[in-house]
Amino acid sequence: MEKFVICGGKSLCGTVSVSGSKNAALPILAASILSGGRVVLDNIPRLSDVVSMCDILSSIGCGVSFSAGDRVLIDATRLNSNVISYQLAGRLRGSFLVMGPLLARLGSVSISMPGGCPIGARPIDLHIKGLAALGACIENRQGSVVAKAKKLVGTKIYLDFPSVGATENIMSAAVLAEGATVIENAAVEPEIVDLANFLCAMGANIFGAGTDTIKIEGVKILKPANYSVISDRIEAGSYLIAAAATGGCVTVQNILPDYVKPLTAKMKEMGIPLDIGENYIAVNSEGNFHAVDIKTLPFPGFPTDMQAQMTALLALSEGTGIITETIFENRFMHASELARMGASIKVAGRSAVVEGKKALTGAKVKATDLRAGAALVIAGLAARGDTEISDIYHIDRGYVALEQKLTQLGADIHREAEH
Ligand code: EPZ
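Rules of the game
Residues numbered from 1 in each chain as written. Predicted model: local features only at pLDDT ≥ 70, side-chain atom pairs only at ≥ 80, totals over all residues. Heavy atoms only, no water. Pairing = 2+ DSSP bridges. Helix = DSSP H or I, 4+ residues; strand = E, 2+ residues; numbered from the N terminus. Axes fitted to C-alpha atoms, helices over the stretch in contact; angles between N-to-C directions. Contact = heavy atoms within 4.5 Å. Near = heavy atom within 4 Å. Polar contact = N/O pair within 3.5 Å; in protein donor to acceptor, adjacent residues only side chain to side chain. Areas by Shrake-Rupley, 256 points an atom, 1.4 Å probe, with all protein chains shown as cover. Nonpolar A, V, L, I, M, F, W, Y, C, P; charged D, E, K, R; others polar. Parallel < 35°, antiparallel > 145°, perpendicular 65-115°, else oblique. Buried < 20%, exposed > 50% of the residue type's maximum accessible area, 1.4 Å probe, protein only. Core = buried A, V, L, I, M, F, W, Y, C linked by side-chain atoms within 4.5 Å.

Caption draft 1: Representation of the sheet that holds strand 24 (residues 412-417). An order of 22-23-1-24 is seen for the four strands of this open sheet, with the pairing classed as mixed. With one partner strand each, in any of the chains shown, strand 22 (364-366) and strand 24 form the two edges of the open sheet. Going across the sheet, the axis of each strand differs from the next one's by a mean of 25 degrees, ignoring polarity. Two strands pair when backbone bridges link them, and strand 22 and strand 23 (residues 386-390) are joined in this way by three bridges, in the parallel orientation. Residue Lys366 lies in a different strand from strand 23, and its bridge partner there is Ser390. Its contacts with the sheet place helix 12 (residues 370-382) against strand 1 (2-7), strand 22 and strand 23, and it is angled at close to 30 degrees to strand 1.

Caption draft 2: Molecular detail of the site of the ligand. Neighbouring residues of the ligand: 22 residues in total, closest Asp125, Leu126, Ser163, Asp305 and Ile327. At 2.8 Å from an oxygen atom of the ligand is found a main-chain nitrogen or oxygen belonging to Val164. The fraction of the free accessible surface of the ligand (820 Å²) that becomes covered by protein chains is 90%. Residue composition of the shell around the ligand, by class: ten nonpolar, five polar and seven charged.

Caption draft 3: Spatial organisation of the packing of helix 1 (residues 22-31) against helix 2 (residues 48-59). Contact pair helix 1 / helix 2: the axes reach a minimum separation of 10 Å and the direction vectors enclose 5 degrees. If you check the angle between helix 1 and helix 2, you find them roughly parallel. Touching Lys22, Ala25, Leu26, Leu29 and Ala30 of helix 1 are Asp49, Val50, Met53, Cys54 and Leu57, all from helix 2. Looking at the contact of helix 1 with helix 2, its residues break down into eight nonpolar, no polar and two charged.

Caption draft 4: Expanded view of helix 9 (residues 261-269). Taken together, the buried positions of helix 9 are occupied by Pro262, Leu263, Thr264, Lys266 and Met267. On the buried face of helix 9, the contacting elements are helix 8 (233-245), strand 16 (274-276), strand 17 (280-284), strand 18 (294-295) and helix 10 (307-314). Downstream of helix 9 by one or two residues, Gly271 has phi in the positive range, about 85 degrees.

Caption draft 5: Representation of the nonpolar core within the structure. Counting 150 residues, the largest nonpolar core has Met171, Leu199 and Ile389 as the members making the most contacts within it. Setting aside its immediate chain neighbours within four residues, Leu199 contacts Ala31, Leu34, Met171, Ser172, Val175, Ala204, Ile206 and Leu222.

None of the figures reported here should be taken as evidence of function without further support.
Now the structure itself:
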């Protein structure tokens, strides 16, 4: 096990480039199964979740090779299994995104229940409802979901909640269904659009991705394609918040500002000076900003994946802010760890009241999940004194070369073995 050791109190300064999006790369890697050939994917971030997804693809017979830079080659010509083990599926939530493509390609799949951040129950009922509507027979067998379908037939599917994963799974199955499928109340996140663009590059007919109604006209076959995934809006937002929290001046490059508008709008409300260009956002903060209220919502609302990081920023703001987490029922685990650094956060159900402080103090803390870990890094960078963050394997799931990128911005952070 490893930990980060951070000597806080240094303002971040300089330019950082955002890597490819984890949450775009995972569904696109899973959908490469549909190609029946060799797919070349670029801007794939070298993250542990991506490696886990590639291990899953290898386990069913795909050839997987990482080449220079962030390129991954997936050869899905010959699949030799339709079973995803607990050992592999349990590593990440995204493993379940293989269900739709495998069902469409092979007509049957058995996949163990997914793993992922312990931020809530994370049911899969909407995935099941959608795939069953397309004609799959689905049952739970000793902790695995077993789905069979002689043929998938297009239909109209209404999602009770605009689930990102369910939208992705249903879309990736419907592309090879007979006839048209309409997903209503679909998720509209940028990662949905990226997946739809990849599927269309392979010859799928998809209309309306990015809106709450997506129409998919099934085709007989998809062909291999080359594709480059979008950059990671959550990584970008994490660096913007770290820059503000440390009173720094940082330019975050290689990001479409529209992807992070929910965050930049709130940062402006807080009085944090931003310069927003075509593909960069620059923060130039003196470290003084006032609290605001935050409510997480599906895109284009404030992203739940930025909630923990924003909690850390509010802990350093002037005044009191209230955070309401409407997406996941257990996503305040960072509050008690931030409290060890002097933050004043009162959690009640889905809300947290954050009373801002002039400064936090370094402490020994533990990452409980991916974004909570990011929040602790941000707090440690801003705090006075040293902070040690253990269980940083959570953070490695979603941030490429975090300590290297932060060091380039002037942070004093390094990785050590945890004894
Ligand atoms: C994706 O998770 C992301 N993960 C999450 O990012 C992100 O927080 C989430 O979307 C919301 O934006 C990946 O893309 C790999 P959901 P997903 O299905 O698909 C309920 C990170 O930090 N729901 O939109 O699992 C569910 O309980 C991770 O990078 C059902 O009720 O999210 C939750 O309350 C964390 N039934 C809400 O919908 C279902 O069948 C949102 O879930 C599915 C979901």
